[in-house]
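Spelled out, the chains give:
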Amino acid sequence: MPVVSGPVLDPGTQSLTCLLRVPDDLPIFRGHFPAVPIVPGVIQVAWAVELARSRGLASGPLVSISTAKFRRVLRPGMSLTARVGRGASAGQIQFIYELAGAVVSTGRFYCGSSHD
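Rules and cut-offs
Per chain, residues are indexed from 1 in the order of the written sequence. Where totals are concerned, whole chains, interfaces and linings use all residues; where local detail is concerned, this predicted model gives features only for residues with pLDDT of at least 70, and gives and counts side-chain atom pairs only at 80 or more. Side-chain descriptors were evaluated using all non-hydrogen atoms of the structure, hydrogens and water having been removed beforehand. Buried, partly exposed and exposed residues are distinguished by accessible area as a fraction of the type maximum, computed with a 1.4 Å probe on protein chains only: under 20%, between the cut-offs, and over 50%, respectively. Only DSSP runs of H or I reaching four residues or more are called helices, and only runs of E reaching two or more are called strands; each is numbered from the N terminus. Note on pairing: two strands pair once DSSP finds at least 2 bridges between them. Geometry is summarised by axes, namely lines fitted to C-alpha atoms with helices restricted to the contacting stretch, and by angles between N-to-C directions that run from 0 to 180 degrees.

1. Notes on the pairing of strand 6 (residues 102-111)
Okay, so step 1: Counting buried positions over the 10 residues of strand 6 gives seven, a clear majority of the element.
Okay, so step 2: Where strand 3 (residues 62-70) meets strand 6, seven bridges bridge the pair, whose relative direction is antiparallel. Bridged to alanine 68 within strand 6 is glycine 107.
Okay, so step 3: As paired elements, strand 5 (residues 92-99) and strand 6 share eight bridges and run antiparallel to each other. Its bridge partner lying in strand 6, isoleucine 93 is registered against phenylalanine 109.
Okay, so step 4: Counting the residues between successive antiparallel strands, the hairpin from strand 5 to strand 6 contains two residues, one of them, alanine 100, with a positive phi of roughly 50°.

Here you go:
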């Protein structure tokens, strides 16, 4: 996980906003890629799932990822703003990561027993 700071949970919108700092020593960097490490998209989604679960926005297993877009490379040492919140459908969670106001990645996934 990244280093999480300043989490603010808004019960009205059922969303979480926080800062994430990508550690320099994540084990994934040994294989992705040692000379020029980047955070894989699947790890970025996993972070959003963990953030949602840790703040009570999601429960149960990850059922599906309906969309994910990775627009900028995410590297060790970067600090991001993360927003994770419930979507319109049951079990739906949406996330967006931004770096200095520029979108890094976005996505939508479902947690729970199933979804239609």
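Following the structure, the description resumes.
2. A short note on unusual backbone geometry
Okay, so step 1: Here the amide bond leading from histidine 32 into phenylalanine 33 is cis, since omega sits at -5°, within 30 degrees of zero.
Okay, so step 2: Note on placement: phenylalanine 33 falls in the loop between strand 2 (15-21) and helix 1 (41-54).
Okay, so step 3: With phi around 50°, glutamine 14 is a residue other than glycine that occupies positive phi space.
Okay, so step 4: The residue glutamine 14 is located in the loop between strand 1 (3-10) and strand 2 in this model.
Okay, so step 5: With relative accessibility at 34%, the residue glutamine 14 sits in the partly exposed group.
Okay, so step 6: Even without glycine at this site, alanine 100 takes up a positive phi of about 50°.
Okay, so step 7: Position of alanine 100 among the secondary structure elements: in the loop between strand 5 and strand 6.

3. As for the sheet that holds strand 5
Neighbouring strands of a sheet are bound in pairs by backbone hydrogen bonds; such pairs are parallel or else antiparallel.
Okay, so step 1: Strand order across the open sheet formed by six strands is 1-2-4-5-6-3, with antiparallel pairing between neighbours. In this open sheet, the two strands that pair with only one neighbour each are strand 1 and strand 3. Each adjacent strand pair in this sheet contributes to an overall mean axis angle of 15°, direction not counted.

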